[in-house]
Amino acid sequence: MTTPEKTPEAPATTEVQTEPTVAAQPATKPARKPRTTASKTAASTTATTTASKPKATKAVPKMPDEVLEVAVVGSGFSGLGMGIRLKKAGLTNFRVFEKASDVGGTWRDNIYPGCACDVKSQLYSYSFEPSAEWSNAYANQGEILKYIRHCATKYGMYPFMRFNSKVIDATFQADKGEWLLTIEDGQLVRAKNVVAAPGPFADPKDPHIKGSESFKGAIIHTARWNNAIELKGKRVALIGTGATAVQVGPAIAPDVAHLTVFQRTANWIMPRPNPDLTEAEKQESRDNPLKMKLNRLGNYWLNEATAPFLILKYDAFKSVPSKISNDYRKRKVKDPELLKKLTPNYKFGCKRVLVSSDWYPTMQRENVTLEVSGIKQITPTGIETVDGKHYDFDVIIFATGYEVRNTGAPFAVHGLDNASLDEKWKDGAEAFDGIVTNNFPNMYFLVGPFTGPGHTSVIAYAEAQIDYVWQAIELRKQMNLKYITVKPSVEASFVKTMDQRSEHTVWKSGCASWYLSPNGRNNVLYPGFNAEYRMRIMRFNPSNYLLIGTDNQPVKPSLRDHLSTVKMALTA
Ligand code: NAP
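Residues numbered from 1 in each chain as written. Predicted model: local features only at pLDDT ≥ 70, side-chain atom pairs only at ≥ 80, totals over all residues. Heavy atoms only, no water.

What about the overall build of the protein?
Next, step 1: When you go through the protein residue by residue, the secondary structure sums to 15 helices and 20 strands.
Next, step 2: Sorting the 572 residues of the protein into buried and exposed places 55% on the buried side.
Next, step 3: Total accessible area computed for the protein in this model is approximately 24,600 Å², and 55% of it derives from carbon and sulfur atoms. (Helix = DSSP H or I, 4+ residues; strand = E, 2+ residues; numbered from the N terminus. Buried < 20%, exposed > 50% of the residue type's maximum accessible area, 1.4 Å probe, protein only. Areas by Shrake-Rupley, 256 points an atom, 1.4 Å probe, with all protein chains shown as cover.)

Details of the sheet that holds strand β12 (residues 368-371)
Next, step 1: Taken in spatial order, the five strands line up as β7-β16-β8-β9-β12 in an open sheet, and their pairing is parallel. Looking along the sheet, the strands with just one partner apiece sit at the ends: β7 (218-221) and β12. In this sheet, neighbouring strand axes are inclined to one another by 20 degrees on average, regardless of whether the strands run parallel or antiparallel.
Next, step 2: Bridge count between β7 and strand β16 (residues 395-398): four bridges; the pairing is parallel. Paired with I219 across the strands is I396, a residue of β16.
Next, step 3: On top of the sheet, helix α5 (residues 245-252) reaches β8 (235-239), β9 (258-262) and β16; it is set at about 165 degrees to β8, its chief contact. (Pairing = 2+ DSSP bridges. Axes fitted to C-alpha atoms, helices over the stretch in contact; angles between N-to-C directions. Contact = heavy atoms within 4.5 Å.)

Some points on the pairing of strand β19 (residues 481-486)
Next, step 1: Burial runs high along β19: six of the six residues are buried.
Next, step 2: Inspection of the sheet shows β19 paired to strand β20 (residues 545-549) by five bridges, in the antiparallel sense. Bridged to Y483 within β20 is I548.

A short note on the site of the ligand
Next, step 1: Taken together, 22 residues lie around the ligand, and D118, T241, T244, T265 and K351 are the ones closest in.
Next, step 2: At 2.4 Å from an oxygen atom of the ligand is found a side-chain nitrogen or oxygen belonging to T265.
Next, step 3: The contact in question runs from an oxygen atom of the ligand to an N or O atom on the side chain of W514, over 3.0 Å.
Next, step 4: For the ligand, whose free accessible area comes to 900 Å², the fraction covered by protein is 84%. (Near = heavy atom within 4 Å. Polar contact = N/O pair within 3.5 Å; in protein donor to acceptor, adjacent residues only side chain to side chain.)

Brief notes about the environment of V73
Next, step 1: Along the chain, V73 falls in strand β1 (residues 67-73).
Next, step 2: Taking C-alpha positions, V73 is 8.3 Å from K166, a pair spaced 93 residues apart along the chain.
Next, step 3: Beyond its immediate sequence surroundings of up to four residues, V73 is in contact with F97, V167, V194, V195, A196, A197, P198 and F411.

Thoughts on the environment of P380
Next, step 1: In this structure, P380 sits in the loop between β13 (375-378) and β14 (382-385).
Next, step 2: The exposure class assigned to P380 is partly exposed, which follows from its relative accessible area of 35%.
Next, step 3: The spatial distance from the C-alpha of P380 to the C-alpha of F393 is 9.4 Å, given a sequence separation of 13 residues.

Some remarks on α5
Next, step 1: Counting buried residues along α5, seven of its eight residues qualify, which places the element largely inside the surrounding structure.
Next, step 2: Structurally, α5 contributes buried residues whose contacts are with β8, β9, β10 (269-270), β11 (354-355), α10 (359-363) and β16.

Overview of the packing of aromatic side chains
A ring pair, where both rings are aromatic, is described by two values, the distance of the centres and the angle of the planes.
Next, step 1: Under the criterion given, the structure shown has 32 aromatic pairs.
Next, step 2: Seen from their ring centres, F201 and W514 are 5.3 Å apart, and the 85 degrees between their planes marks the pair as edge-to-face. One end of the pair, F201, is in the loop between β6 (188-196) and β7; the other, W514, is in the loop between α13 (488-502) and α14 (530-536), with 313 residues separating them in the sequence.
Next, step 3: Residue W514 is classed as partly exposed on the basis of its relative accessible area, which comes to 32%.
Next, step 4: Here the aromatic rings of F450 and F494 are separated by 6.0 Å at their centres, their planes lie at 80 degrees, and the arrangement is edge-to-face. Taken together, the residues span a long stretch of sequence, with F450 in the loop between β18 (443-445) and α12 (458-478) and F494 in helix α13 at a distance of 44 residues. Like F494, F450 is buried.
Next, step 5: A connected cluster of aromatic rings, assembled from ring pairs, spans F77, W107, Y124, Y126, F128, W134, Y147 and Y155. (Phe/Tyr/Trp six-rings, centres within 6.5 Å; stacked < 30°, edge-to-face > 60°.)

Examining the state of the cysteines
Next, step 1: Counted according to the given criterion, the structure contains one disulfide.
Next, step 2: The structure places no disulfide on C115, whose sulfur is separated from the nearest cysteine sulfur, that of C117, by 8.8 Å.
Next, step 3: A relative accessible area of 4% means that C117 is categorised as buried. (Disulfide = S-S within 2.5 Å.)

Quick word on the sheet that holds β14
Pairing between the strands of a sheet is mediated by backbone hydrogen bonds and can be parallel or antiparallel.
Next, step 1: On the basis of which strands lie adjacent, the open sheet formed by three strands has the order β13-β14-β15 and antiparallel pairing. Of all strands in the sheet, those with a lone pairing partner are β13 and β15 (390-392), marking the two edges. Between one strand axis and the next, the sheet turns by 20 degrees as a mean value, whatever way the strands run.
Next, step 2: Two strands pair when backbone bridges link them, and β13 and β14 are joined in this way by three bridges, in the antiparallel orientation.

Some details on the pattern of salt bridges
Next, step 1: Counted under the stated rule, the structure contains 25 salt bridges.
Next, step 2: In this structure, D467 and R85 form a salt bridge, with 2.8 Å as the shortest nitrogen-oxygen distance. Residue D467 is found in helix α12, and its partner R85 is found in helix α2 (residues 77-88); the two are separated by 382 residues along the sequence.
Next, step 3: Across the pair E371 and K389 runs a salt bridge, and its minimum N-O distance is 3.0 Å. Pair noted here: E371 is in strand β12 and K389 is in the loop between β14 and β15, with a separation of 18 residues, a long-range link.
Next, step 4: Judged by relative accessible area, which is 5%, E371 ranks as buried. (Salt bridge = Lys/Arg side-chain N within 4 Å of Asp/Glu carboxyl O.)

This is how it looks when you write it as C-alpha cells:
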C-alpha cells in the first residue's frame, strides 16, 4: 500500500487555500456574486457569470516542476469523495480542481426555492459519514451543501482544493506518461492520473424559445437562481414540469400573484411524505450509529427492490407502480379536466418518476393555472401559445433541465496519438465500466457513461467507482508503469452488453428524456441493480488493461499483482 507522504506544499504557480473562502458564510447561502442583470435569458445570465471570471493571462505559462500523482476535476459529491479516499490512503500529492469558489457541485449551484433531494438523505450521503442532523428524511439543498462542506472540513480537504480553477484542456504526454492540464487562467498542471468528476448537472439548458431576448421582465433559469429577482406579488410563468419544477412551483406559489405552469408532458408522480425529524429522533440516531447504518442499509435494499419496476419495460413490472401513481392522482385531483391534463401518456419510468406530495395541491390553487398548449413565442410582455392565447408576465422561470453531456467530452481531452475525446464521444459517450475509455490512459470518470442511477442514490455508484479508481492508481504505482489503458475489445464488449441490456429498459419505450443521446441510445443510466454494478467493479482487474512499462513495452500482470488488487478490494 501507499507510504504516507509529506503534507503537501502548494505548487509554485498556484495558490492553495487552507480554509474555504466561504467558510464564514451561512451554510445555506453558497458563495456567489449577486447578479444585477435580472431581466435576460438563461444564456445571457450565464454570460454575466463568465464575464466576471479571471481573464486568461498573456504571459507564457510556467511549466511546473511538480508532477501531481492525481488531479481530480470537480468537487461535488464524487470529486470530493475521491479526494477523501486518496487522503485516507495516505496520498497527499494530489489536488482537486474546482471551477467555482466552493465545494458542492450541483448542490452549490442550485439554490432555487424548494430545492431538495428526492432520495432519502440517509442514502444520499457518504457511507463513511452518516449524519444524524438531517431535519427531514429528504433533506433540502441548504442542508446537503452544509453536509458537503462539513465533510470537506472534517476530512481535511481544503488544503488540497484549488478553487476558481476551471480545467479547459487535458493532453496526454505519452513520452512522460503524464497529463498536462490547462486551467482557464492559463496555468499548467502536470499529473500522472486524472479523475474527471464534472457531474451531469453543471450547465443549465436554455430552451431557446423564440422571442426570449425581447422580454421586458426577468427570465431566470432554476439552475442559476437569482434571489434579487422579486417574485412576491408578481405574475410568474414556470416552463417545465420535471423534477425541478415540481419543487420550485409549490415553493413559490403561495407568494406570487399568479403562477402559470407551461406543461409539455405530464409526469408520473408518487407521493413524498417528508415530516420533520424531531430532536428526540435525531438524538436517537446520534446515540445509536449502528441503527443509522442499518437504516441506510434498509433504504438501500428497498431502493434495489424497486429497480425492476423503474428500469424494465415489461408490463408485468408496470401495472403495480402505475396503479399506485394513478390512484394517488385520482385521489388528489378533483377536477376531471385538470386530472386529464395531469395524466401521463407514456410508460411509467420512461422519464424520471417524480416524488412530490405538493404538486397536485399546487395545481389546484386559485392563483395557479396549468397551461398545456405549446409555447409559440415569448413576447416583450409575456408568452403566446400556439393556440393564440397571450399571457402577461413579470417573471419567466425556465425549469427546463440541464445540458447533460451524453455526447462529447466535458472539457478538451487529447489522449494517445493526440486522439480527441470530443471526437470519440461525438455520437455518445462510452466507457468500460462507465469509468475508463481506451486511448485515454490514466484517466478515470466518476458517474461516467452508463452509470447514472435509475432507481437509487448516485453516491452508491460514485463510491464504488472511487474504490476502483484508487486500486488502478495504486497498482500503476506499485508496478511502476508509465501508463495503463483499457483494452479496446474489453471496452467494446462492455458497451455491447450495456446496449443489449438497454433494449429491455423502459427508457427506450418512446418518450424523450435526457437519458437518451440524439440517436436514441441510452448511455447515461445503468441498466441494472446497483448491487450488481458494485460487484462488477469491486476489483480492478489488470487483465482488462494494456499495461505499459517505463521502457514503453507491454507488461503482463503477475499473480502477485492480481492478488494485490484482491487485497485492495477486500480492504476498501
Ligand atoms: P428535466 O427533467 O429535463 O425537465 C425539463 C422540463 O422542461 C420538462 O418538463 C420538459 O418538458 C420541459 N421543457 C424543456 N424544454 C422546453 C420547452 N422548450 N418548452 C416547454 N417545456 C420545455 O429537468 P429537471 O426537472 O431540471 O430535472 C433534470 C434532472 O435533474 C432530473 O431528472 C434529476 O435527475 C435531477 N434533479 C434531481 C432532483 C432531486 O431531488 N434529486 C431535483 C431536481 C432535479 P418535456 O418533458 O416535454 O421534455
